[in-house]
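Now for the letters of each chain:
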Amino acid sequence: MSRLAIALSITLVLLAGCGGFTGRGRAVAYGRLPYDVADPSGTWIAEGSVAWGSGHVLEVSGPGPVFRIVRRDAAGQPVAFGVGVAEAGQLFVGYGASFEVCQVAVFHRGAENVEGVWAGGTSPDLGTEEWQGVGLEDPFVGDFATYGTNPGTHAIYRQRVATVAAGMGVYDVRWYASAQEFYGTGVVGRDRFATGAVLAADEGAANVSWFARGYGVAAYDLTTGEGTVVVRNTPEAPSLLGREHLRRP
């Protein structure tokens, strides 16, 4: 799937003619409502044990289905930017150095395959992705052929993704598109699997080590406010798992 809103989107359009797996993911995105159960828009206070710190303000802008998040410290300075998707009563966020490099994907186990949607920070629309098959012991672990569509253009792409359980509820995820690789991290929020990722190529290094804060992915329960956040300072660095609680000010 497209891990970076600009760079990978271009690459995947070029891959549209490859492979024979035909996915069904498009039906879950086009014409989709902005959110279900709860609207995440507005201001939240985030408190907990996340590597970036506690007591931050999350500014969530809609109207959806793609939300944009600015995470600020007590002085009002941006700590990270994010792009979010609200699904199944949860808010899933992919954090990065800027909206242009933010990405989040949200998957669930379908009848035969892993199915989901994804969002990049430069488009108000959702893309889709479907992984061929499911893992044996864990539906989200394995090496999968993928079929997806890009936001806005709905252009089709096909590629490959490999996922490994890294412990503590964290997953290592890597996408392979032509000569490029995308490093990612994943976390499960109830029955949903969320991922965030960055370009592994050297030219994307600045996107990863922005102020040494790295990138991350989060899953927040909009009913209880409880959340799990995974942060990585570099693509292959050990994951830093934290818990966070969101509340309205």
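Residues take numbers from 1 onward in each chain, read along the sequence in its written order. Totals for whole chains, interfaces and linings use all residues, but because this is a predicted model, local features are given only for residues with pLDDT of at least 70 and pairs of side-chain atoms are given and counted only at 80 or more. In computing side-chain values, all of the structure's heavy atoms are included and hydrogens and water are not.

### Some thoughts on the sheet that holds strand β13 (residues 192–199)
Paired through backbone hydrogen bonds, the strands of a sheet run either parallel or antiparallel to each other.
Item 1. In short, DSSP must find at least two bridges between two strands for them to pair. For helices the rule is a DSSP run of H or I covering at least 4 residues; for strands it is a run of E covering at least 2, with both sets numbered from the N terminus onward. Strand order in the closed barrel formed by eight strands is β6-β7-β8-β9-β10-β11-β12-β13, with antiparallel pairing between adjacent strands. Within the sheet, the average angular offset between the axes of one strand and its neighbour, ignoring direction, is 30°.
Item 2. The pairing of strand β7 (residues 114–120) with strand β8 (residues 127–131) spans five bridges and is classified as antiparallel. In the sheet register, E115 faces β8, and the bridge partner there is E130. Lines fitted to C-alpha atoms define the axes, with helix axes restricted to the stretch in contact, and inter-axis angles between N-to-C directions lie between 0 and 180 degrees.

### Looking at the confidence of the model for the protein chain
Item 1. As a per-residue measure, pLDDT reflects the predictor's confidence and takes values from 0 up to 100. Of the residues in the protein chain, 84% have a pLDDT of 70 or more, and the chain-wide mean is 84.
Item 2. By definition, residues are in contact when any of their heavy atoms lie within 4.5 Å. In this model, residues 1–19 is a region of pLDDT below 50 whose contacts with residues beyond four sequence positions or in other chains number 64 contacts.
Item 3. A low-confidence stretch, residues 204–211 stays under pLDDT 50, and its non-local contacts, those more than four residues away or across chains, total 17 contacts.

### Quick look at the packing of aromatic side chains
Item 1. Any two of the Phe, Tyr and Trp rings considered here, Trp counted by its six-membered ring, make a pair once their centres fall within 6.5 Å; the pair's planes then place it as stacked at under 30 degrees, edge-to-face at over 60, or tilted in between. On inspection of all chains with the given rule, the structure shows eight aromatic pairs.
Item 2. Here the aromatic residues F107, W131, F140, F144, Y171 and F193 are joined through ring pairs into a cluster of three or more.
Item 3. Sitting over a ring, as applied to charges here, requires NZ of Lys or CZ of Arg to be within 6 Å of the ring centre and within 35 degrees of the ring normal. For R248, the ring lying beneath its charged end belongs to W44, and the centroid distance is 3.8 Å.

### Here's the deal with the sheet that holds strand β3 (residues 67–72)
Item 1. One closed barrel holds the eight strands; their spatial order is β1-β2-β3-β4-β5-β14-β15-β16, and the pairing between them is antiparallel. Within the sheet, the average angular offset between the axes of one strand and its neighbour, ignoring direction, is 30°.
Item 2. In this structure, strand β1 (residues 42–48) lies alongside strand β16 (residues 240–247), joined through four bridges in antiparallel fashion. Looking across to β16, one finds that E47 is bridged to H245.

### As for the pattern of salt bridges
Item 1. Each reported salt bridge corresponds to a side-chain nitrogen of Lys or Arg within 4 Å of a carboxyl oxygen of Asp or Glu. Inspection of the entire model under this criterion finds 10 salt bridges.
Item 2. Across the pair R71 and E244 runs a salt bridge whose closest N-O atoms are separated by 2.5 Å. Taken as a pair, R71 in strand β3 and E244 in strand β16 lie far apart in primary sequence, 173 residues in all. Summarising the burial analysis for this pair, R71 and E244 share the class buried.
Item 3. Put simply, E87 and R192 hold a salt bridge, and the shortest N to O gap is 2.5 Å. Three labels apply to residues, based on accessible area from a 1.4 Å probe with only protein chains included: buried if under 20% of the type maximum, exposed if over 50%, partly exposed otherwise in between.

### Section: the environment of T153
Item 1. Along the chain, T153 turns up in the loop between β9 (142–149) and β10 (156–167).
Item 2. The spacing of T153 and D125 is 28 residues in sequence and 9.4 Å in space, taken between C-alpha atoms.

### Digging into empty space enclosed by the protein
Item 1. Site definitions follow a grid-based scheme: protein atoms alone, a 1 Å grid, a 1.4 Å probe that fits but cannot get out for cavities, and for pockets an open set with protein on both sides within 12 Å along at least five of seven lines, plus lining residues having an atom within 4 Å of a point. Grid points are joined across faces, edges and corners, and a volume is the space filled by probe spheres set on the points. Within this structure, the stated rule accounts for one cavity of 30 Å³ or more.
Item 2. Space inside the largest cavity adds up to approximately 30 Å³.
Item 3. Every residue lining the largest cavity is listed: Y95, G96, V101, C102, Q103, G196, A197, V198, Y215 and G216.
Item 4. Those elements giving two or more residues to the lining of the largest cavity turn out to be β5 (90–96), β13 and β14 (215–221).
Item 5. Residues are grouped as follows: nonpolar covers Ala, Val, Leu, Ile, Met, Phe, Trp, Tyr, Cys and Pro; charged covers Asp, Glu, Lys and Arg; every other residue, Gly included, is treated as polar. Here the lining of the largest cavity is built from residues that sort into six nonpolar, four polar and no charged.

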